[in-house]
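Residue strings, one per chain:
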Amino acid sequence: MIDFVAQISFDGINKEKKIYLYTRSKNISSPHSVKSYQDQKIQIKYSICNSNEFIKKTSDKKFLILAFICAEDRVKLRQYLKIPDEDIKTDPELLLNLYLKYGEDQLKILSRGFVFIMVDYHNKTVKAFRDHIGIKNICYYQLDNTIYLSSSFKNLFNLSHLSHTLNQDKVINFLKFNDHSPSETFTNEIKQVPPMKALKFREEKINIYKYSNYETNKNPSPHSNQIKGLKKLLMQSVAIEGSTNHSRIGFLFSGGIDSSTIITFFRKQKRANEEIFSFSAQYKHIDKNIKHLIDESEFQNEIQKLDDVNEFTFNGEDESTLLNLDFYLEIIGQPFFFPNLYLPNRAFNLAKENNVSIVMNGNDGDTVVSHGYEYLLELFFSLRWVRLYREINATSKTRQQSRIFIFKHIILKNISFQSFIKKSSRNKHLEIVLSNNHNKAIEIQTLLADHYGIQERYPFYNRDVVEYCINVSPELKHKNGQSRFILKEAIRGIVPEKIRTRVTKSNLGHALCIGYTNKDRAVIQEQFSKPHVLIKDIIDIENLQKSWNSLLQNPRKYSTRSQIPSEIFAYTVLNKWLNKYF
């Protein structure tokens, strides 16, 4: 966990324009003290979660390095560079050594999130590298000959000497759910370095370029070996480096396949001194007619009942994101789309109360492993229709849905010129993995975790796991009517069968709509009563209000396959932020 803001100018920094690190310490004190570094060219404020150095200036004063890597990658990097255990090296030294010896492309050996910023005094150049999935964020702001870099939007947005104008395109795209830019923020001046890309600042110019790619090569191994390979990588991805002294390990645990995989794989290999803490939301008191669509208690119990799992549950019906919107906007700094953010927030709060400093999250295991629908689309475009029919027929029996329904939603719904061009299922899978939806969710959760002093881990986002899943045989992603077939086989015998073979998934849309009708109602109606002038020109607020009134009368109608609840959430969050800052 690292939080920083830096001001860099090779013409000399303006010492009157001081920078500071934003910390929200009114209710929860910052778990790590703010440290400083300054010379004639650079001013830095930072906070770090461990005793490792974040900043290092080389003895020849040619480079200044800002770097942070996970303990597991630190061990991996020392082995790769053949550095003896007795030769102590800091993160900045390790990454500079790697960069100078092998070049920036070899940053690909880092499988988790990292920060690597290099200031080259001799060539008057700054380079900032963002990890493969965007686990660690890097924002930047250029003011003439000065560049500001930070781990979050809010650190730059809150600097009083920097001016900001509203990014109206971002506002429009946010409200219309067309926000696909990996670099834009809600101000025109603050940008983000996209995942797997680097920023180069030289002679008052910024260049953003791709420094690495996922390797895409067909996996030639027999299917049984590919399944074993995924199992091995998942085991490695959940391992905690023993030298970190972390013994209380938390898990965001829903009861789904992904979160169950993470917790059971860790349990399979945990050390004697490591304890497991699971944090789960339950909806036991919700309307009995829809409880089975939301509450996952019966699946959670399959793991919570184990004697070495310390279970902590909370009532999801008592929680709300919109009810605490001021808190979230203060933490995140800009509008966000994350209706169920109350789930990780409550989990992190419980983790802090129980002295748990690492929490694992099974985020997007379905995306990384893939449901395999792109393989069925490949069968369609390559005219392998007999095989496609067999898969659709088997899927129909597994899901107890008609073959026509399956065909419409997996094939017809996804037919386009673009899908034809990328008819290779591997290319389509890669495209999905590279979309910027993942890093947006991670950025938000990481800021929230940092607030509680929690280090969050994403085992499915381990680079080795991602690359492996892209390259497994396409037919292993969807086979015998089973989506995510390779994962379900890899976890056989470890994840309880009731969870491993489940075909249902919780629909929290029901809980969201019910929340709208009671605890969130006043918050939403307040924002409808004072719409910001900019929003009036973008969406039909009167029509959205009519839908809102209809939802109040029949929330279940909007709980499935309706975009209205999402539109209401986006409008409420954005409108509140605009009224406060613009």
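You'll find the structure just up there.
Remember, it's a predicted structure, so these values are computed and weren't measured experimentally. (Residues numbered from 1 in each chain as written. Predicted model: local features only at pLDDT ≥ 70, side-chain atom pairs only at ≥ 80, totals over all residues. Heavy atoms only, no water.)

Asker: Looking at this model, I keep getting lost on the nonpolar core. Mind explaining?
Answerer: In a soluble, globular protein the nonpolar side chains are often hidden away together inside. If you look at the biggest cluster of nonpolar residues, it comprises 76 residues, and the most contacted ones within it are Tyr283, Phe336, Tyr516 and Leu574. Element by element, the count of residues in this core is highest for helix α25 (residues 564-581), at 9 residues. If we ignore the near neighbours within four places in the chain, the residues touching Phe336 are Phe174, Thr321, Leu325, Tyr328, Leu329, Leu341, Ile444, Phe569 and Val573. Core analysis: the next-biggest nonpolar cluster, separate from the first, contains 48 residues, Ile135, Ile470, Val472 and Ile499 among them. (Core = buried A, V, L, I, M, F, W, Y, C linked by side-chain atoms within 4.5 Å. Buried < 20%, exposed > 50% of the residue type's maximum accessible area, 1.4 Å probe, protein only. Helix = DSSP H or I, 4+ residues; strand = E, 2+ residues; numbered from the N terminus. Contact = heavy atoms within 4.5 Å.)

Asker: Looking at this structure, I do not really get the sheet that holds strand β1 (residues 2-8). What am I missing?
Answerer: Consider a sheet: its strands pair through backbone hydrogen bonds, and that pairing is either parallel or antiparallel. Strand order in the open sheet formed by 6 strands is β2-β3-β1-β9-β8-β10, and the pairing between neighbours is antiparallel. The sheet is open, and its two borders are formed by β2 (35-38) and β10 (191-192), each paired with just one other strand. The pairing of strand β8 (residues 139-143) with strand β9 (residues 146-150) spans 5 bridges and is classified as antiparallel. Note on β9: the bridge partner recorded for Leu143 is Thr146. (Pairing = 2+ DSSP bridges.)

Asker: Can you walk me through the side chain of Ser297 in this structure?
Answerer: On the secondary structure map, Ser297 appears in helix α8 (residues 297-304). For Ser297, a relative accessible area of 12% puts it in the buried group. Ser297 has contacts with Gln282 and Lys284, leaving out every residue within four places of it along the chain.

Asker: Could you clarify how one ought to interpret helix α17 (residues 437-451) in this entry?
Answerer: Given 3.6 residues per turn, any residue in an α-helix points the same way as the ones three and four places further on. With 15 residues, α17 should cover 21 Å at 1.5 Å per step; its first-to-last C-alpha distance of 22 Å lies within 8% of that length. Most of α17 sits inside the fold, with 12 of its 15 residues counted as buried. His438, Asn439, Ala441, Ile442, Glu443, Ile444, Gln445, Thr446, Leu447, Leu448, Ala449 and His451 are the residues of α17 that are buried. Two residues or fewer past α17, Gly453 is found with a positive phi of approximately 75°. (Expected span 1.5 Å × (residues − 1).)

Asker: Hey, could you run me through the packing of aromatic side chains in this one?
Answerer: Each pair of aromatic rings is reported with the distance of its centres and the angle of its planes. The full count for this structure, using the stated rule, is 30 aromatic pairs. Ring geometry for Tyr46 versus Phe54: centroids 5.3 Å apart, planes at 45°, classification tilted. The two residues Tyr46 and Phe54 agree in class, both being buried. Judged by centre distance (6.1 Å) and plane angle (25°), the rings of Phe380 and Trp385 are stacked. We classify Phe380 as buried; its relative accessible area is 19%. These aromatic residues form a ring-pair network of at least three members: Phe153, Phe157, Phe174, Phe186, Trp577, Tyr581 and Phe582. The ring of Phe299 carries Lys498 above its face, with NZ or CZ at 5.9 Å from the centroid. A cation sits over an aromatic face here: Arg502 above Phe299, 3.8 Å from the ring centre. (Phe/Tyr/Trp six-rings, centres within 6.5 Å; stacked < 30°, edge-to-face > 60°. Lys NZ or Arg CZ within 6 Å of the ring centre and 35° of its normal.)

Asker: Mind showing me how you'd approach the sheet that holds strand β14 (residues 275-282) here?
Answerer: Ordered by their spatial adjacency, 5 strands build an open sheet running β15-β14-β13-β16-β17, and the pairing between neighbours is parallel. Unpaired on one side and paired on the other, β15 (309-315) and β17 (455-457) mark the two borders of the sheet. For this sheet, the mean inter-axis angle between neighbouring strands, taken without regard to orientation, is 25°. The pairing of strand β16 (residues 358-360) with β17 spans 3 bridges and is classified as parallel. Counted as the bridge partner of Met360 is Arg457 from β17. Lying on the sheet, helix α10 (residues 342-353) is in contact with β13 (248-252), β14, β15, β16 and β17; it crosses β15 at an angle near 130°. (Axes fitted to C-alpha atoms, helices over the stretch in contact; angles between N-to-C directions.)

Asker: Please clarify how the pairing of strand β12 (residues 205-210) should be interpreted in this entry.
Answerer: The sheet contact formed by strand β11 (residues 197-202) and β12 spans 6 bridges and is antiparallel. Counterpart to Lys200 in the pairing with β12 is Asn207. In this structure, the hairpin formed by β11 and β12 is closed by a connection of 2 residues, where Glu203 is found at a positive phi of approximately 50°.

Asker: For this particular structure, what's the right way to read a negative patch on the surface?
Answerer: The grouping of Asp11, Asp144, Glu203 and Glu204 at the surface amounts to a negative patch. Within the secondary structure layout, Asp144 lies in the loop between β8 and β9. (Patch = residues over 30% accessible without salt bridge, like charges linked within 9 Å, V, L, I, M, F, W, Y side chains within 5 Å. Areas by Shrake-Rupley, 256 points an atom, 1.4 Å probe, with all protein chains shown as cover. Salt bridge = Lys/Arg side-chain N within 4 Å of Asp/Glu carboxyl O. Lys, Arg positive; Asp, Glu negative; His and termini not counted. Charge placed at Lys NZ, Arg CZ, Asp CG, Glu CD.)

Asker: Even after reading the chapter, I still don't get unusual backbone geometry, so can you show me in this structure?
Answerer: Trans peptide bonds make up most of the peptide bonds, and negative phi angles are found at most residues other than glycine. Positive phi is not limited to glycine here, since Lys82 has a value of about 60°. Note on placement: Lys82 falls in the loop between α1 (71-81) and α2 (91-102).

Asker: Just checking my understanding: could you explain helix α22 (residues 521-529) for this structure?
Answerer: Within the sequence span of α22, burial applies to Val523, Ile524, Gln527 and Phe528. The buried side chains of α22 occupy one side of the element, clustering within an arc of 135° when seen end-on. Opposite the packed face of α22, turned more than 90 degrees from it, sit the exposed residues Ala522 and Ser529. Taken together, the buried residues of α22 touch α21 (509-517), α24 (541-553) and α25. (Arc of directions from axis to C-beta.)

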